[in-house]
Amino acid sequence: MKQVMSKVFVVQYYKINTGFFLASFILLFGLTNGKATLDLHYTLMQQITSSYAFAGGAVIVWVLYCMKCMAFCFREIKNSANSFLSALQPVADQKHYLLWLSCQSMLMLPMLGYAGATVIIGFKDGNYLLASLFTLFQLLLCIAPAYFYFHQINNTWQKPLLSLPDFSKYIRKGYYSFLLHYSLDTRKGTIAGLKIFSLLLLQAMVIANKYEVNKESVCVLMMFLISAHALLPQYYTRFVEYDMAIMRNLPILLPKRFLLYVFTYAVLFLPELLFLLLNGHHSLPVQLTLSLYAVGISQLSLFTAFRYFGKMNTERYTLIVFGFFFVSLLVLASFNLWLLFLSESIAASILFRFFYPGYEYCAPKS
């Protein structure tokens, strides 16, 4: 039964929340170079076990994450597809409770790992009181939710002991964000791979240019990262024109259809932008960093426009990407990046305007 519960709750939870963990990882560990990141978290862990204000803030964060886990478990328990969980009622109470305790502990594992490192640092620095209280707090976040799950299964005829508010009904998924939701749901593996690849390359760039960042090398590196992201226009146009073909019949203005892609690329390149702003500000002009970010958006928008040209297959599209990669490298030294951004944006808008109306998606042969 433990394996079944692990598949139903633990595996499903981490699959569904891959996008959440990816975004959290980038925000916590991907925006600064390796040493700065370690120093930041080491200082944060010290403050949690030495300052009541920081400890209170940590408690709020841990409780919010625990509520996220509980909301998922309660939703799955109520799911009619999981009605077989009622078979747990005849199981001995102690064994039944331990199953839920194990399940909750696995869901809390990322937070427990961070808390464990915090407690070790707290004891090392002699902050025994807050470190001990933080340890007891972790136990509480595993023990109490497990009891609520246990009670809900064993008392299906009674009102639940705890009912969490449903905040999902207040969250609206707008038109401009649905490709982002698609990315973090269906293409989360691709996004994770691209962002980890970007993070490693940018970290290597910072290490190689420890004392002074070479502007030309940064530009070449960013063009390489932009070309690596060229997979995304292919996936997005396929999703919009095939899986969401009904959108063709909706009264959406052509500029709005084009801006859907532009907005998505602008959000997806934010981690790289923030990394360069935080780590290269001492020797890399902000204007250059912003221009590289803008070129990334305009170039992917241009790739998207080319995807709507006739029967654009993967081979032709790959050749176009390679062509733009080498042309961009040639013009970097002599061409103003803001001018490159402007010209690519205008070209992308014009090409999208002419190619989109006559485009017909042909599903690949199986």
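What you see is a predicted model, and the numbers here were worked out from it, not measured in a lab.

**Considering the overall build of the protein**
Then, number 1: Summing up its helical and strand segments, the protein has 16 helices and zero strands in all.
Then, number 2: Of the roughly 19900 Å² of accessible surface on the protein, 69% is carried by carbon and sulfur atoms.

**What about the nonpolar core?**
Then, number 1: Ranked by internal contacts, the top residues of the largest apolar core, which has 61 residues, are Leu179 and Tyr236.
Then, number 2: Here this core takes 10 residues from helix H14 (residues 286-307), the largest share from any one element.
Then, number 3: Excluding anything up to four places from it in sequence, Leu179 contacts Tyr236, Phe239, Val240, Leu260, Tyr261 and Thr264.
Then, number 4: Formed by 39 residues, the second largest nonpolar core is a distinct cluster that contains Tyr65, Ile77, Leu99 and Tyr114.

**Remarks on the packing of aromatic side chains**
Then, number 1: One pass over the full model with this rule turns up 37 aromatic pairs.
Then, number 2: Judged by centre distance (4.0 Å) and plane angle (10°), the rings of Tyr182 and Phe239 are stacked. Highlighted residues: Tyr182 in helix H8 (residues 178-185) and Phe239 in helix H11 (residues 231-243), separated in sequence by 57 residues.
Then, number 3: Seen from their ring centres, Phe224 and Phe325 are 6.0 Å apart, and the 70° between their planes marks the pair as edge-to-face. Of this pair, Phe224 sits in helix H10 (residues 215-228) while Phe325 sits in helix H15 (residues 314-332); the two residues are 101 residues apart in sequence, bridging distant segments of the chain.
Then, number 4: Residue classification places Phe224 among the partly exposed positions, given a relative accessible area of 40%.
Then, number 5: A relative accessible area of 13% means that Phe325 is categorised as buried.

**Looking at the environment of Asn17**
Then, number 1: Mapping Asn17 onto the fold places it in the loop between helix H1 (2-16) and helix H2 (18-29).
Then, number 2: Of the residues examined, Asn17 reaches a relative accessible area of 8% and is grouped as buried.
Then, number 3: It is 8.4 Å that separates the C-alpha atoms of Asn17 and Asp185, two residues lying 168 residues apart in sequence.
Then, number 4: Of note is the side chain of Asn17, whose polar atom sits 2.8 Å from the backbone oxygen of Tyr13.
Then, number 5: Side-chain polar atoms of Asn17 contact the side chain of Lys68, separated by 2.8 Å.

Rules of the game
- Residues numbered from 1 in each chain as written.
- Predicted model: local features only at pLDDT ≥ 70, side-chain atom pairs only at ≥ 80, totals over all residues.
- Heavy atoms only, no water.
- Helix = DSSP H or I, 4+ residues; strand = E, 2+ residues; numbered from the N terminus.
- Areas by Shrake-Rupley, 256 points an atom, 1.4 Å probe, with all protein chains shown as cover.
- Core = buried A, V, L, I, M, F, W, Y, C linked by side-chain atoms within 4.5 Å.
- Buried < 20%, exposed > 50% of the residue type's maximum accessible area, 1.4 Å probe, protein only.
- Contact = heavy atoms within 4.5 Å.
- Phe/Tyr/Trp six-rings, centres within 6.5 Å; stacked < 30°, edge-to-face > 60°.
- Polar contact = N/O pair within 3.5 Å; in protein donor to acceptor, adjacent residues only side chain to side chain.

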